[in-house]
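Take a look at the letters that make up each chain.
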Amino acid sequence: MVDMVNKCYQLKDVLEEICSSARYNERLAPLKLSSLDWRVLKSVIDFLSTIKRVTTVMSGQKYST
């Protein structure tokens, strides 16, 4: 999940341009994220990335069976 959200964040400029375009403006304008929304999203990505790393490290990859 974190990878998908991170990819959306990386495409921030593209997504904002699409939302602002005349073709989609009427339908997507209400969905456009504010700068605060983008900052919150970045915080969520950072948090989830940390949790993903911790989960990977703690997973039982090197145990005897």
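Criteria and thresholds
Residues numbered from 1 in each chain as written. Predicted model: local features only at pLDDT ≥ 70, side-chain atom pairs only at ≥ 80, totals over all residues. Heavy atoms only, no water. Salt bridge = Lys/Arg side-chain N within 4 Å of Asp/Glu carboxyl O. Helix = DSSP H or I, 4+ residues; strand = E, 2+ residues; numbered from the N terminus. Buried < 20%, exposed > 50% of the residue type's maximum accessible area, 1.4 Å probe, protein only.

A.B. asks: Can you tell me about the pattern of salt bridges, naming the residues and giving the values?
C.D. replies: Applying the stated rule across the entire model yields two salt bridges. The partner of Lys52 in a salt bridge is Asp3, with the nearest N and O atoms 2.8 Å apart. Of this pair, Lys52 sits in helix α4 (residues 35–58) while Asp3 sits in helix α1 (residues 2–10), placing them 49 residues apart in sequence.

A.B. asks: Talk me through the environment of Asp13; I want residue IDs and the actual numbers.
C.D. replies: Locating Asp13 in the fold gives a position in helix α2 (residues 12–20). The exposure class of Asp13 is exposed, given its relative accessible area of 60%. Linking Asp13 and Val44, residues 31 residues apart in sequence, is a C-alpha distance of 18 Å.

A.B. asks: Could you give me a rundown of the environment of Lys42, with the residues and numbers involved?
C.D. replies: Looking at where Lys42 falls in the secondary structure, it is placed in helix α4. Exposure remark for Lys42: the relative accessible area of 31% places this residue in the partly exposed category. Through-space distance from the C-alpha of Lys42 to that of Cys19 is 19 Å; in sequence the pair is 23 residues apart.

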